[in-house]
Amino acid sequence: MSWETVVGLEVHVQLATRSKMFCGCAAIFGEEPNTNVCPVCLGLPGALPVPNAEAVRLGVRAALALGCTIHGTSIFSRKNYFYPDLPKGYQISQFDRPLATGGQLRIVSPERGEMAVGITRLHLEEDAGKLLHDRFPGMTAVDLNRAGIPLAEIVSEPDMRSPAEARAYLTAMKQVLLYAGISDCSMEQGSLRVDANVSVRRVGETELGTKTEIKNLNSFANVERALEAERDRQIQVLESGGRVTQVTMLYDAAVGQARPMRSKEASHDYRYFPEPDLPPLVLAPVWVEQERAALPELPDAKRVRLGQSYGLSDYDTGVLSSEVALADYFELVVGAGADPKTAANWVMSEVMTGYNETGVFAVQPGRLAALIRLVADGTVSLQAAKKVYLELQGEDDPRVVAKRLGLIQVRDPGALEAWVDEVIAACPAEVTRFRGGEEKLLGFLVGQVMKRSQGKADPKGVQPVLLRRLRG
Amino acid sequence: MSVREIATEVGQKLEAASGLNATLHWSAGDLRHQAEVVEAMGRSALGGMPVAVKDNIATLGTPTTCGSRILEGYESPFEATVIRRLREAGALIAAKTNLDEFAMGSSTEHSAFGRVLHPIDPARVPGGSSGGSAALVAAGVVPAALGSETGGSVRQPASFCGVVGVKPSYGAVSRYGLVAFGSSLDCVSVFGRTVDDAARVLHTISGHDPLDATSLDRPPVAMPMGRKNFSGLTIGLPEEYFPSDLDSGVRAATDRAVAAIRDLGGKVVPVSLPHSRFAVPTYYIIAPAEASANLARYDGVRYGPSRPDTAVDLRGLYRQTRGRGFGPEVRRRILTGTYVLSSGYYDAYYGKAQRMRSAIAADFQGVFAGGVDLLFTPTTPSTAFKAGEKTDDPVAMYLADIFVCAVNLAGLPGVSVAIGRSEGLPVGGQFIAPYLEDTLMLEAAGVLERNLPATEEVR
């Protein structure tokens, strides 16, 4: 009997604010330890938190982008536990009254195609600091630069049925968050973190199996790998008659396995209660609607619109909308007069290669459109245009560059006839065979003309001249 | 008198009063320096008025210990908003005063640095937890002092010591720099030799502070205008605050005060606040719950003494720092608070206490909505008790706050003013006002202050 895998994900995303969640310290990655700290984020006696309005705005924006219901009143709570990276001994989070609930994210599942994954909730919280175990021999140091950085925690429904679907969810989530300007979503810098919950059950079973939670996942690929390994482990346990126990596990990327945390690390009673230092977070409906109206076009809508407006395939719209910048660039090229399908092909090949390497677009959209027109009207060949593209810089006119590189196609009948005559003279055997009825040799002869012209002859012009000479 | 002369005099008085053990930190040099700064300011609102400050309010230049070993020697790198405002108004921060550890207590016997003596009878307690501030004002060392209230910690010692104690509406005064105990209850509060002294300080320190998210966006508490009588005011006497077993001296003093209110044109009516009898148990769930989180930061990792034995693990560091750094009353409350918030007990304790808190507040709202302008009650059920009398019986100690702590739960303003003496010891009467009617309450306290011989024996 086969097994079904059930996955739910918790995503912690750092909100792209200039300052921390409850104080004015800079929210920057990679500074010297304990330089972006103040009495508030150090938890000094008498210091008090004040919410960062921009963090609230970004949280609301993220929730709106995920189609959540924003709650007019939400409440900050204290999550209590002792750890040296937690200066106050509690984390300010949201518990039973989160900022938003009940959204969905559309993803493309490798197994099931387009589908929606439910978003259970989105809440705001502050980050903890960081323990440095390798800075001083035999000692652990505490860096509190990260303490108090604003986070949104986004919890999904257990709607995913495979590790690959989980990865597709993360890819789609990152896309939405980047589109909406919520976060830079860098897993390397810790601005996007994932905890995965996984269980298995017999196909057809409606009750959920016992789940385990996997932490310390530092890439989307590792999420998928860790889930595969944990799924396999659970199935093995169940097939050999055992029971899965609910534990929290830490993924070790080096060995590709998750190990259970010690029960002491995992068994917290967080004793949540409403944070008395902060009044309930009350959002005016008018303001929420303004934020909704200000949302940029999101990946899904963009995909649909690109398909409808430009007649592109699902594959093309998927690639073009993978990043806002790519889609924007594509639309500018089309706006400058290029044929949409041709423009899409250019953007998905030459343009993307360069952009992925350098992070910038080397050629202005208007110049690329002009280059595409040169190909369309036969001024340069596609081959030649790709050479021109690599040489284009700044304000360069593609036609001028093509001319400089000697890539303008020759259509002058006199010049073409001269090359044709040279080829006819140089290849007497092939000419005789052609005239004897071996018509497939025409291609070879055209190629010879192109070669003799060093690629400059217009292939469309060469053929009629050649035929005329061969048959005349 | 020049500010320098004031500073010299208050230094001499502090020296002379040192037997009370009311102060934790002060120095003549610091006072002299402050006086120079104030003189350089020219004219100022408080013109060198010496104000003593409870040692759970952060000050620059002197330690802020909260009367606890766990913060012994700790100096705050920032100053409380109330202190900044006092300095800007030309006050002298005369001394940091002794208190029950982390403001947890009703007698100032729970300080790690020894108990504070009652200025009239050294065998007795000055009340608490702001006992050091109360004793300094009562002893005539300073005209005013800051304390803090979570459950009556200024009004109760004000009553025991025969001075004025004002607890403002929650949110009227910034808590930024007040070391947290029960954040939803904590209020910086004021002692004064007179209502006017207390009002001047309250006016100076109140008003909106962007550093405290619970601070109200309102102007400072206005000064009372010296109302002559109670005419046009309806004063409610809540029956639950005049129980049959009330100390006879306290009863005699309050009877005399009520008669005075009537004589001065007040309309006195009986009212009922039926849920107030649950105020002490409710308070002793909510305040410890919040305290258990607020005091979690004292873990020996970042500041404060951390002297673990060698080779302990993380839990050992926590256990030793906190086990050795906190006194028994603080430990008791952290344990209580942790218990009432734990999974499985939350609804039965903390959840229920929150609902009771709402019911207690609703009682007050109902009475005030029904045409009562102010309430009048005794501040405490007895006069100052003897040191050691209640230290072995926490519940008896907690009941010393039975008439004061409902006000904190409801977030209302309350004031205690001396209304007579019983067997030589001061008796305090309390006015309670509707939310944000702090000034009306101070007017009423002023009328009583001017019309009652407060240092006279009532029997």
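Since the structure is predicted, the reported quantities are computational estimates derived from the model, not experimental observations.

Novice: Break down the overall build of chain B for me, with residues and values.
Specialist: Secondary structure summary: chain B contains 14 helices and eleven strands in total. Computed over its C-alpha atoms, the radius of gyration of chain B comes to 21 Å, within 12% of the 23 Å expected for a compact globule of 459 residues. The buried share among the 459 residues of chain B stands at 62%. Considering only contacts within chain B whose residues lie at least 6 apart along the sequence, 76% involve residues at least 24 apart. Total accessible area computed for chain B in this model is approximately 15800 Å², and 53% of it derives from carbon and sulfur atoms. Where the 43 positive side-chain charges of chain B centre and where its 47 negative ones centre are 2 Å apart.

Novice: I'd like to hear about the sheet that holds strand β6 (residues 187-192) of chain B, residue by residue, with values.
Specialist: Residue and element names in this part refer to chain B. Judged by pairing direction, the sheet is mixed, and its eleven strands sit side by side in the order β1-β3-β2-β4-β6-β5-β10-β11-β9-β7-β8 without closing on themselves. Strands at the two margins of the open sheet, each flanked by one partner only, are β1 (23-25) and β8 (267-271). If you compare each strand with its neighbour and ignore which way they point, the axes differ by 35 degrees on average. Sheet analysis places strand β7 (residues 234-238) next to β8, joined by five bridges and oriented parallel. Paired with Thr234 across the bridge in β8 is Lys267. Across the sheet, helix α6 (residues 195-205) touches β2 (50-54), β4 (144-149), β5 (164-167) and β6, and the angle it forms with β6 is around 150 degrees.

Novice: Got a sec to walk through the interface of chain B and chain A? Specific residues and values, please.
Specialist: In this complex, chain B contributes 37 residues to the contact, which on the side of chain A involves 34 residues. For the chain B and chain A pair, buried surface summed over both sides reaches about 2800 Å², with 63% attributable to carbon and sulfur atoms. Looking only at chain B, the three residues that lose the most surface to chain A are B:Ala213, B:Arg297 and B:Arg302, adding up to 20% of its buried area. Connecting chain B to chain A are one salt bridge. A salt bridge links A:Asp277 to B:Arg175, with the nearest nitrogen and oxygen atoms 3.0 Å apart. Linking chain B with chain A are 13 residue pairs in polar contact (both at pLDDT 80 or more), by the criterion used here.

Novice: Break down the environment of B:Ala95 for me, with residues and values.
Specialist: Residue and element names in this part refer to chain B. Looking at the secondary structure, you find Ala95 in strand β3 (residues 92-97). By relative accessible area, Ala95 is classed as buried at 2%. Residues Ala95 and Ile205, 110 residues apart in the sequence, show an inter-C-alpha distance of 17 Å. In contact with Ala95, other than residues within four places in its own chain, are Leu14, Thr23, His25, Trp26, Val51, Ala52 and Val53.

Novice: If you had to explain the domain arrangement of chain A to someone new, which residues and values would you point to?
Specialist: The domain architecture assigned to chain A consists of domain 1 (3-290), domain 2 (297-404) and domain 3 (413-471). On a C-alpha basis, the centroid separation for the pair domain 2 of chain A and domain 3 of chain A is 34 Å.

Novice: An account of the nonpolar core is requested, with residue identities and associated values reported.
Specialist: Judged by nonpolar contacts, the single largest core of 188 residues is most densely connected at A:Tyr169, B:Phe102, B:Leu146, B:Phe364, B:Phe431 and B:Leu448. Take this core: its biggest share by element is ten residues, from helix α8 (residues 279-294) of chain B. With 34 residues, the next largest nonpolar core counts A:Leu312, A:Val319, A:Val363 and A:Val380 among its residues.

Novice: So, helix α16 (residues 441-452) of chain A: which residues are in play, and what are the values?
Specialist: Residues and elements named next belong to chain A. Look at α16: 17 Å from first C-alpha to last across twelve residues, which is about the 16 Å you get at 1.5 Å a residue. Within the sequence span of α16, burial applies to Leu441, Leu442, Leu445, Val446, Val449 and Met450. On its buried side, α16 packs onto α14 (413-426), α15 (428-435) and α17 (459-471). One or two steps after α16, the chain reaches Gln454, where phi turns positive at roughly 55 degrees.

Novice: Give a detailed account of the environment of A:Leu131, specifying residues and quantitative values.
Specialist: Residue and element names in this part refer to chain A. Following the sequence through the fold, Leu131 ends up in strand β8 (residues 130-136). Assessed through its relative accessible area of 17%, Leu131 is described here as buried. C-alpha separation for the pair Leu131 and Ala429, spaced 298 residues apart in sequence, amounts to 81 Å. Setting aside residues no more than four positions away along its own chain, Leu131 makes contact with Tyr83, Pro84, Asp85, Thr140, Ala141 and Val142.

Novice: Residue-level account of the packing of aromatic side chains, with values.
Specialist: Residues and elements named next belong to chain A. Evaluated as defined, the whole model comprises 26 aromatic pairs over all chains. With 4.4 Å between their ring centres and 10 degrees between their planes, Tyr329 and Phe361 make a pair best called stacked. Placement of Tyr329 in helix α9 (residues 324-335) and of Phe361 in the loop between α10 (340-358) and α11 (365-376) is noted, with a sequence separation of 32 residues between them. Note on Phe361: relative accessible area 27%, which makes it partly exposed.

Novice: Outline the pattern of salt bridges, listing residues and values.
Specialist: The final tally for this structure, using the stated rule, is 47 salt bridges over all chains. A:Glu4 is the salt-bridge partner of A:Arg201, the closest N and O atoms lying 2.9 Å from each other. Of this pair, A:Arg201 sits in strand β11 (residues 192-202) while A:Glu4 sits in strand β1 (residues 3-14), and the two are 197 residues apart along the sequence. Notably, a salt bridge pairs B:Arg87 with B:Glu79, separated by 2.8 Å at the nearest N-O pair. The class of B:Arg87 is partly exposed, set by a relative accessible area of 26%. What makes B:Glu79 buried here is its relative accessible area of 17%. Here the salt bridges do not stand alone but share partners, grouping A:Arg78, A:Glu275, A:Asp277, B:Arg175 and B:Asp212 into one network.

Novice: Requested: an account of the pairing of strand β11 (residues 425-432) of chain B, with residues and values cited.
Specialist: Moving residue by residue along a regular strand, the side chains alternate between the two faces of the sheet. Residue and element names in this part refer to chain B. With eight of eight residues buried, β11 is to be regarded as a mostly interior element. Sheet topology places strand β9 (residues 374-378) next to β11; four bridges connect them, and they run antiparallel. Each bridged residue has a counterpart across the sheet, and for Phe376 the counterpart in β11 is Phe431. Hairpin connection between strand β10 (residues 414-422) and β11: a loop of two residues separates the two successive antiparallel strands, and Glu423 in this loop has a positive phi of roughly 50 degrees.

Novice: Any chance you could break down the packing of α8(B) against helix α11 (residues 347-369) of chain B for me, citing the residues and the numbers?
Specialist: All names here are of chain B. At a minimum axis distance of 9 Å, the contact between α8 and α11 shows a crossing angle of 125 degrees. With respect to their mutual orientation, α8 and α11 come out oblique. The chirality of how α8 crosses α11 is left-handed. Across the interface between the two elements, Ala279, Thr282, Ile285, Ile286, Ala289 and Glu290 from α8 touch Tyr349, Tyr350, Ala353, Gln354, Met356, Arg357 and Ile360 from α11. A breakdown of the residues in the contact of α8 with α11 according to their chemical character gives nine nonpolar, two polar and two charged.

Novice: Just give me the short version of the packing of helix α3 (residues 163-179) of chain A against helix α4 (residues 220-239) of chain A, but keep the residues and values in it.
Specialist: All names here are of chain A. Following both chains from N to C, one finds α3 and α4 inclined at 155 degrees, their axes separated by 8 Å at the closest point. Considering the angle they form, α3 stands roughly antiparallel to α4. In the packing of α3 onto α4, the handedness of the crossing is right-handed. Taking contact as the criterion, the partners of Pro163, Ala164, Ala166, Arg167, Leu170, Thr171 and Lys174 in α3 are, on α4, Phe220, Ala221, Val223, Glu224, Leu227, Glu228 and Arg231. Considering only residue class, the contact of α3 with α4 consists of eight nonpolar, one polar and five charged.

Novice: Can you tell me about the sheet that holds strand β6 (residues 100-109) of chain A, naming the residues and giving the values?
Specialist: Residues and elements named next belong to chain A. One open sheet accounts for nine strands, arranged β2-β6-β7-β10-β1-β11-β12-β13-β14; its pairing is mixed. Edge positions in the sheet fall to β2 (69-70) and β14 (257-260), since each of these pairs with one other strand and no more. Both β11 and strand β12 (residues 212-217) contribute to a ladder of four bridges, which runs antiparallel. If you follow Val194 over to β12, its bridge partner there is Leu217. Sheet strands in contact with α3 are β1, β6, β7 (113-126), β10 (150-156) and β11, and its direction is about 115 degrees off that of β6.

Novice: Got a sec to walk through the side chain of A:Arg303? Specific residues and values, please.
Specialist: Residue and element names in this part refer to chain A. Along the chain, Arg303 turns up in helix α7 (residues 299-310). Reaching out from Arg303, the side chain makes a polar contact with the side chain of Asp300 at a distance of 2.7 Å. Apart from the residues lying within four places of it in its own chain, the contact partners of Arg303 are Gln175, Thr317, Gly318 and Ser321.

Basis of the calculations
Residues numbered from 1 in each chain as written. Chains lettered and ligands numbered in written order. Predicted model: local features only at pLDDT ≥ 70, side-chain atom pairs only at ≥ 80, totals over all residues. Heavy atoms only, no water. Helix = DSSP H or I, 4+ residues; strand = E, 2+ residues; numbered from the N terminus. Rg over C-alpha atoms; globule rule 2.2 N^0.38 Å. Buried < 20%, exposed > 50% of the residue type's maximum accessible area, 1.4 Å probe, protein only. Contact = heavy atoms within 4.5 Å. Areas by Shrake-Rupley, 256 points an atom, 1.4 Å probe, with all protein chains shown as cover. Lys, Arg positive; Asp, Glu negative; His and termini not counted. Charge placed at Lys NZ, Arg CZ, Asp CG, Glu CD. Pairing = 2+ DSSP bridges. Axes fitted to C-alpha atoms, helices over the stretch in contact; angles between N-to-C directions. Buried area = accessible area lost by both parts, 1.4 Å probe. Salt bridge = Lys/Arg side-chain N within 4 Å of Asp/Glu carboxyl O. Polar contact = N/O pair within 3.5 Å; in protein donor to acceptor, adjacent residues only side chain to side chain. Domains from an automatic or database assignment. Core = buried A, V, L, I, M, F, W, Y, C linked by side-chain atoms within 4.5 Å. Expected span 1.5 Å × (residues − 1). Phe/Tyr/Trp six-rings, centres within 6.5 Å; stacked < 30°, edge-to-face > 60°. Parallel < 35°, antiparallel > 145°, perpendicular 65-115°, else oblique. Left-handed = near helix turned anticlockwise from the far one by under 90°. Nonpolar A, V, L, I, M, F, W, Y, C, P; charged D, E, K, R; others polar.

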